[in-house]
Amino acid sequence: MDLHERLLIQVSVRDVYDATALAGHPRSGLVFTGQAGHDAIRMVRRAGYDGPLLADRRRYAGSARVRGTARLSADWIADQVEAGATAPLTDSGYISKGDHKALNSILDQSLHWEGAIAVLPVHARWVTNDRATLLRTIADYGSPVALVIEDGPPHRPLPFPLLSTGIAALGALAYGADWAAIGVREVLRHLYPEPHETQGGWRRGGARSAFVPDRLEFVPVERLGDGTCACSTCQGRPLRHLTESDELHVNTHNAKVLHVLHNRLLRSTHREHWWHSLTATTT
Ligand SMILES: [Zn+2]
């Protein structure tokens, strides 16, 4: 069991009872989000799930997020290993624009744990203007990393694993990232700049959003158009039928259509070209 070429589904700890239904595909897996992530891993392992499992503590998000210079927790690493995580993730804080000290602090501390993946939650400037510095610093340390990229302008994909993202996960995989995780709901597909305005509360903010392959985006079920879907959940019905469905049903559709795209990516002879032709038709 490894993470190689995996498209993971990032869920909340409270999704633990349904999560494996979304990650039964080959080359899938789960990321549990929150400080009880290791408990969720233990439960799912006990229930017999044998795919890759990660835990993202997500201390880098929200209005009370911590800075990347914060001390990383050895207990958090040990808890994940003990619970059966495929690889432990660091409980990193946020790396703001130009905060080299935070970037170095996380990479420095990560060296203490063999096999730990250094989570680097970065301001968007790090993947645009300061991209070369980020790449060089990661290469200098040489340890495995996973990026979380704060909302910002479009940028070329980087060849690193991604947490908490949307369709950009496939872009990262196309550019050589080992794995990437698509969030199961809007808040888990973004790292919002702080402070940010919540747009109408969590429910209206896309608790149920369906992935529409033609548009290559997640659309709140209330705004779905006329198109039909051939996945085994929708069975040729109009996507709009998801308006009446519960969140698990919608997310099962999402996992299936994303799995199809992921398979196409893995079979393509030139993955970067595949990604560019896919995104060129929708933007
Ligand atoms: Zn469907």
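Description of the structure in this document. (Residues numbered from 1 in each chain as written. Predicted model: local features only at pLDDT ≥ 70, side-chain atom pairs only at ≥ 80, totals over all residues. Heavy atoms only, no water.)

1. Observations regarding the packing of helix α2 (residues 37-46) against helix α3 (residues 74-83)
Operational definition: As a rule, the C-alpha atoms of each element are fitted with a line to give its axis, helices using only the stretch in contact, and angles between N-to-C directions run from 0 to 180 degrees. Only DSSP runs of H or I reaching four residues or more are called helices, and only runs of E reaching two or more are called strands; each is numbered from the N terminus. Roughly parallel means an angle under 35 degrees; roughly antiparallel means over 145; roughly perpendicular covers 65 to 115; every other angle is labelled oblique. Should any heavy atoms of two residues lie within 4.5 Å, those residues are counted as being in contact. All residues other than Ala, Val, Leu, Ile, Met, Phe, Trp, Tyr, Cys, Pro, Asp, Glu, Lys and Arg, Gly among them, are scored as polar; the first ten of these are nonpolar and the last four charged.
Running from N to C, α2 and α3 cross one another at 5°; their axes reach a closest spacing of 8 Å. By the angle between their axes, α2 is roughly parallel relative to α3. In this structure, α2 contributes Gly37, His38, Ile41, Arg42 and Arg45 to the contact, and α3 contributes Trp76, Asp79, Gln80, Glu82 and Ala83. Its residues assigned to classes, the contact of α2 with α3 shows 3 nonpolar, 3 polar and 4 charged.

2. Observations regarding the pattern of salt bridges
Let me state the cut-off plainly: Definition used for salt bridges: Asp or Glu carboxyl oxygen within 4 Å of a side-chain nitrogen of Lys or Arg. For the exposure calls, accessible area comes from a 1.4 Å probe over protein chains only, and a residue counts as buried if that area is under 20% of its type's maximum, exposed if over 50%, partly exposed in between.
Evaluation of the coordinates by the stated rule reveals 14 salt bridges. Notably, a salt bridge pairs arginine 208 with glutamate 222, separated by 3.7 Å at the nearest N-O pair. One end of the pair, arginine 208, is in the loop between α7 (201-204) and β8 (209-212); the other, glutamate 222, is in the loop between β9 (217-220) and α8 (247-267), and 14 residues separate them in sequence. Assessed through its relative accessible area of 56%, glutamate 222 is described here as exposed. Through salt bridges with shared partners, one network takes in Asp15, Arg185 and Glu247.

3. A word on the coordination of the zinc ion
Angles between donor atoms at a metal ideally measure 109.5 degrees for a four-coordinate tetrahedral arrangement and either 90 or 180 degrees for a six-coordinate octahedral one. For clarity, the cut-off: Each metal's donors are the N, O and S atoms within 2.8 Å of it, or within 3.2 Å when it is Na, K or Ca, and because water is not part of the set, sites may look incomplete. Key to geometry: four donors with every angle between 85 and 135 degrees are tetrahedral; four donors are square planar and six octahedral where opposite donors lie over 155 degrees apart and all remaining angles lie between 65 and 115; all other sites are irregular.
Protein-derived ligands of the zinc ion are Cys229 (SG), Cys231 (SG), Cys234 (SG) and His253 (ND1), with the metal-ligand distances lying across 2.1 to 2.3 Å. Metal-centred angles of 100 to 119° between the 4 donor atoms at the zinc ion mark the site as tetrahedral. Mapped onto the polypeptide sequence, the residues donating to the zinc ion form the spacing pattern C-x1-C-x2-C-x18-H. Here histidine 253 lies in helix α8 and cysteine 229 lies in the loop between β9 and α8, a separation of 24 residues in the sequence. Here cysteine 229 and histidine 253 have matching classes, each one buried.

4. Some remarks on the packing of aromatic side chains
We apply this condition: Two rings from Phe, Tyr or Trp (for Trp, the six-membered ring) form a pair when their centres are within 6.5 Å of each other. A pair whose planes differ by under 30 degrees is stacked, one over 60 is edge-to-face, and the rest are tilted. The rule for a charge over a ring is simple: NZ of Lys or CZ of Arg within 6 Å of the ring centre, and within 35 degrees of the ring normal.
For the structure shown, the criterion picks out 1 aromatic pair. Their ring planes at 65° and their centres at 5.1 Å tell us that phenylalanine 211 and phenylalanine 218 sit as a pair that is edge-to-face. Residue classification places phenylalanine 211 among the buried residues on the basis of a relative accessible area of 0%. One cation-aromatic arrangement involves arginine 65 over tyrosine 94; the distance from NZ or CZ to the ring centre is 3.5 Å. Above the face of the phenylalanine 218 ring, arginine 189 is positioned so that its terminal group lies 3.6 Å from the ring centre.

5. Section: the side chain of aspartate 99
Spelled out, the test is: What qualifies as a polar contact is a pair of N or O atoms within 3.5 Å, subject to a donor-acceptor requirement within protein and to the restriction that residues adjacent in sequence count only when both atoms come from side chains.
Mapped onto the fold, aspartate 99 is located in the loop between α3 and α4 (100-110). Within the structure, the side chain of aspartate 99 is placed 2.8 Å from the side chain of arginine 67, a separation counted as a polar contact. Ignoring any residue separated from it by four or fewer positions in sequence, one finds aspartate 99 in contact with Arg67 and Trp126.

6. Overview of the pairing of strand β4 (residues 118-122)
Spelled out, the test is: Here, strands pair whenever DSSP counts at least two bridges between them.
For β4, the buried fraction is high: 5 of the 5 residues fall into the buried class. Of the two faces of β4, the one holding Ala118, Leu120 and Val122 and the one holding Val119 and Pro121 are both buried throughout. Examined bridge by bridge, β4 and strand β5 (residues 145-149) share 5 bridges and lie parallel to one another. Each bridged residue has a counterpart across the sheet, and for leucine 120 the counterpart in β5 is leucine 147.

7. Notes on the packing of α4 against helix α5 (residues 131-141)
Here is the rule: The handedness criterion is simple: a crossing whose near helix is rotated anticlockwise from the far helix by less than a right angle is left-handed, and one whose near helix is rotated clockwise is right-handed.
One can describe the packing of α4 onto α5 by two numbers: an axis separation of 10 Å at closest approach and a directional angle of 25°. Relative to α5, the element α4 is oriented roughly parallel. Both α4 and α5 take part in a crossing whose hand is right-handed. Note on element contacts: α5 touches α4 through Thr133, Leu134, Thr137 and Tyr141, opposite His100, Leu103, Asn104, Leu107 and Asp108. A per-class count over the contact of α4 with α5 returns 4 nonpolar, 4 polar and 1 charged.

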